[in-house]
Structures are given as structure tokens and as C-alpha cells.
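Chain by chain, the residues run as shown.
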Amino acid sequence: MGQKHRFNVRHYTGFSFMTIVCLLILYLPLLVVLVYSFNDSLSITRWGGFSLRWYTELFTGVESAKFKQAAFNSLTIALSAGVVATLFATAAAIGMVRGGHFRGKTLSFGLISIPIMVPEIVTAVATLIFFTSIGIKLGYASILLAHIVFCIPFAYLPIAARLQGIESSFEEAAQDLYASRWQAFRYVLMPMMAPGILSGFLLAFIISLDDFIITNFIKGAGVETLPTAIFGAVKQGIKPNIMALSTLMLLFSIVIVTLSYLIGRSDSSKATH
Amino acid sequence: MASGTFTPVRKWLLLPTWVTIGFFLLLPILLVVVYSFLTKEFRGGVDWTFSLDAYDQFMFDRGLFGDEAPSIEWTYITIFFRSIVQALIATLFCLIIGFPTAYFIATRPASSRSIWVFLITVPYWVNLLIRTVSMKFLIRDNGPMNQGLMALGLIDTPIHLINTNIAVQLGLFYSYLPFMVLPIYASVERYNFALSEAAADLYASRWTILREVLIPSVKPGIIAGCILVFVPSLGAFLAPDLLGGAKTFMIGSLIEEQFKGTAGNWPFGAACAVILLTLVLMALTLYARAQSKERAQEQRAG
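Residues numbered from 1 in each chain as written. Chains lettered and ligands numbered in written order. Predicted model: local features only at pLDDT ≥ 70, side-chain atom pairs only at ≥ 80, totals over all residues. Heavy atoms only, no water.

### Let's talk about the overall build of chain A
Then step 1. Of the regular secondary structure elements, chain A holds 11 helices and 0 strands.
Then step 2. For chain A, the succession of helices and strands along the chain, N to C, is α-α-α-α-α-α-α-α-α-α-α.
Then step 3. Whereas a compact globule of 273 residues would reach a radius of gyration of roughly 19 Å, chain A reaches 23 Å, over 25% beyond that.
Then step 4. Over its C-alpha atoms, taken along the principal directions, chain A stretches across nearly 70 × 70 × 30 Å.
Then step 5. Here chain A, with 273 residues, has 53% of them falling under the buried criterion.
Then step 6. Residue pairs at least 24 apart in sequence account for 70% of intrachain contacts in chain A once pairs closer than 6 positions are excluded.
Then step 7. Surface exposure of chain A reaches about 12600 Å², of which carbon and sulfur atoms provide 68%. (Helix = DSSP H or I, 4+ residues; strand = E, 2+ residues; numbered from the N terminus. Rg over C-alpha atoms; globule rule 2.2 N^0.38 Å. Buried < 20%, exposed > 50% of the residue type's maximum accessible area, 1.4 Å probe, protein only. Contact = heavy atoms within 4.5 Å. Areas by Shrake-Rupley, 256 points an atom, 1.4 Å probe, with all protein chains shown as cover.)

### Here's the deal with the packing of aromatic side chains
Then step 1. Across all of its chains, the model carries 36 aromatic pairs over all chains by this definition.
Then step 2. A ring pair is formed by Trp12(B) and Trp18(B), whose centres lie 6.0 Å apart and whose planes are at 85°; its orientation type is edge-to-face.
Then step 3. Judged by relative accessible area, which is 22%, Trp18(B) ranks as partly exposed.
Then step 4. Of the aromatic side chains, those joined through ring pairs into one cluster are Tyr12(A), Phe15(A), Phe99(B), Tyr103(B), Tyr191(B), Phe193(B) and Trp207(B). (Phe/Tyr/Trp six-rings, centres within 6.5 Å; stacked < 30°, edge-to-face > 60°.)

### Considering the interface of chain B and chain A
Then step 1. Contacts between the two partners involve 95 residues from chain B and, on the opposite side, 96 residues from chain A.
Then step 2. Both sides together, the interface formed by chain B and chain A hides about 9000 Å², and carbon and sulfur atoms give 77% of it.
Then step 3. Taken as a group, Trp125(B), Phe137(B) and Arg206(B) account for 9% of the area that chain B buries against chain A, more than any other trio of residues on that side.
Then step 4. Where chain B meets chain A, there are 1 salt bridge. (Buried area = accessible area lost by both parts, 1.4 Å probe. Salt bridge = Lys/Arg side-chain N within 4 Å of Asp/Glu carboxyl O.)

Here it is, written out as C-alpha cells:
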């Protein structure tokens, strides 16, 4: 298209500057914590040279047992909640996308969206009140249960989006060739859905790992996850070992999101060829 | 709609999700409404007798012993009002930074767009608690921001931000900024720039095009972004708790205090949660109405 105007209609001066500002705001606090976690100084705000002492302290110091237990709880809860939520969400996505029109479809979508729509603090209050009134003991199991519930929509969205992009003719062809319904799912539909399922799982996993508000309400005494342990520690002031721990969690999240991005990209490039 | 044969079976695949969310979230939310009408038990928990005490406490001040003539209780109304204002300001700032960013990304070559989107998404995936703690560390009185500004000679004494409304605002804005960028980006990406070209042919200025053509076309994305920032800001707990103090109290902290702190009044906390939920539902209804109006207009035009 020839440039027939005095100006490029797509270009607005200053918008690129705003983008730089936006990225600076998003990354500056994280970079600062990352840099200061390597600070060899007892005073956390004065730079005393590069060192790994706070990482050593984190793994071997007095608080290391507490953080290891919290990390174990966080990871096992996120893994289990992620797997269960992904299973439910995959089934739900097939029901919603391939179920045709049925009564209560809109209602079902509304139900799936509740955990995203309702403010986290309300979900936290609701879960606490429910568990105490039916007598579920607050602890590891109650955290796991609550995490499964709020992970479902996060797993559901990428899986359903993926499924919407797959034409149903593939499964129909398989069934025309006498594949059973299960075989058509297992050998035809599932491999095609796999990238969506994987990113759904990763999203659910991260969402569970991140959760503070709901976990804080229903964790009961003595059970900590990484966010609740960090919150408790930060209440007494930001110590350098917390910055080391934060940096590790930060890098872990970035690895997961990069993974999820690469899965999505390699897949979309395959689809267009 | 193909593969109708298995339809009746397939909808039962939703059963685990129906049961899980219905029983462990929808039912509990209804229970919160019930709890808000119960009598408070002193060690936390409730006594199962009907009472309007929670809402009465929210609205009216009846003196220390409850025997004075009721006057309007401003404490909680002020907290709710502050939360709404803070959430609105955060939404506005996110829009001011987020719209140009989303636009800029959407007008990059298709090959580099996904990298930009990735850069915006990464912070969203990083633990919100860690991000809030990072912000707190950055803006402390003797933190890197003040040290940097003092080293540059821009200020002589540290800017005191912690425990102010500005710090809470900064935290909210920082927490939810990616939520504003992504839906606007999705809208601008679908925008047909031939419309801008046509407007330019008719001698519209750059800003007229932006105001009269582009913004109306991407309005659904803008509204979606605003909702995605406003709703979580309204009930935010971490930013007001970690960056603010007693004078910057927001709804989230007020509710938390009723269940965790020494104040421990479950029906009152439940009532606050019900009021918060009502506000959120009102915002979502406005959003749904705006979306359906938009769709109706599109259909009329098309």
C-alpha cells in the first residue's frame, strides 16, 4: 500500500516511549530484587559486593527446614491440583465444545467462570466458612481441595481454545473407520489437543503455586506453603534470604512461562505450514 | 454442529466440574450470604440465630453499649469508598500506560508481536506476593529508588511512600497492569487499519482518527481491560496490606481482619464479602450490557 498521506496512520509519537515506561515499571522491581539478592552486606539496602551467601543461608541456615517444608507443600499441592484440575477441565472442554447444544450450557460456562469472576478474598471467606461448617479439618487436604476448585477455569481456557481450533471431522473419520469412541479420543483427538492440555496444566500449576489469599485463610495451624511462609517472614521486615528465595521463585516462574510460550509457538508454526 | 450422535453422553463429561465448583464454591458463596445474617460467636464462628447485626454495624453507630440513638457509621463506608476510588484510579493509570503499549505492540510486524506479548505476560506469571514485596523493597525510605534519586541529586531527602495511599496505588497499578494491555492488544490486532486510512483520506487529523475511529472500534477491549483491572483491585489484599498502613485500609484487609485477626467477627466479615461481591457483580453486569450493546450495533451495521 502506497503512502499517500502526510503521515503514517499507524504511528503515534510517544506510544513507543509509553511501551518502554510500561516494561520498566513491570520489570524494575523484579530486577532490583534479583540484583540485591546477590548483595554481600548485612544491611539489605547498602551494596557490599557480589556474593551467594544468602542462597547458602537459604539452604543451610536456621530457617532452611521451614522453607524446605513449605516448598515441598507448595510443589506437591500445585502438581496434584494441576493434574486433577487439568483432567476435569479436559473432560469439561470436550463436553462444552463437542457436546452440541444442550440445556444448561450457558449455566455450565457461568459455573466454570465463577473462580475467575469472584474476588479471591470472597472465595477465601466462602471456602473457610464452608470447611469449618461441614467439619473438614484445615490443613494440607483442605488447601489441595480449594486449589483444585480455583485451578479448573485456568486449565479450561487454553484447552477449550485449542479444541475449538480442531475440526470434528478428524474424530468422525476415525469413527467411520471403526475406531471406538475411546480410541478416537485417545489416538486422534488427544494428540491434537496435547499442546492445549499442557499449557492448561502449566497455567493451573503456576496459579496454584502463586496463591496466597485463599491458602492463607484455610491453611490452618502449622501448614505453610511458600507464599504464606514468605508473607509471614516479610511481616518482620524484608531479609536478604527472602530476596534470594524470591529470586529463585521468580526464575522458576519465568522458566515455566517460557516453556509454555515455546510449546504454543512451535505448535502454531506447525499448524500454519 | 457435527457429531450429534454422542451429544447426550458428552455433556456428562462436565459432571466432575459441575460437582467440584458447585459444591465447593457456589454452595460456599451462598453460605457466606447466610452467615452474614447470623449472630456472632465471640471466639470466631457463628451462633445460628437470625440477626441483622452485621449490616447494622456496617451502617450505624449506636455507641459503645448499643443504647444510643443510631447515627451513620462512617468507618466502613469510608473503607469501601476508598477501595472504589483506589481501584478506579488504578484502572485509569493502567489505561493511560496500557493503551499506548497495547497499540504499539499490535502495530509491530507479526513476527515480533508474540515476543512483546511474552514480555508483558511474564510479570503476570510471577507470584503476586513476590511482586508486591519487590515493590515494597524498591520504594522503601532507604530503598534503591530513593538512593538512586539522591545519588542523581534529584532529591535531598528520601520520598516517604510506604504506608501512604500512593504506595498502595502504585502496588495496585503494578499488580494489574498486564491485565489492561492484553485485551486491548487483542482488539487492536483485529482492527482494520483501512478505516484509519479512509479517515486520513478525508483529512482527519491523527488525533481525530484516534478519538473518532480507532477508540470506538476497540472499545470492547478497553472495557474488558478496565474490568480486569478494576475487579481485582477492588478486593485486593496484598498491596494495601504490605504497602499501606492503618490509614490506607481497603475492603480486602477489612474482611481478612474479621477472620484472622483478634477482631474476629465472622458475620460482619461475611456481610462485607457480600457487599463486595454485589459491587463486583454490578461492574460485571455493566460490562456484559456494554458488550451486548456493542454486538447489537455491529449486527445492525453488518
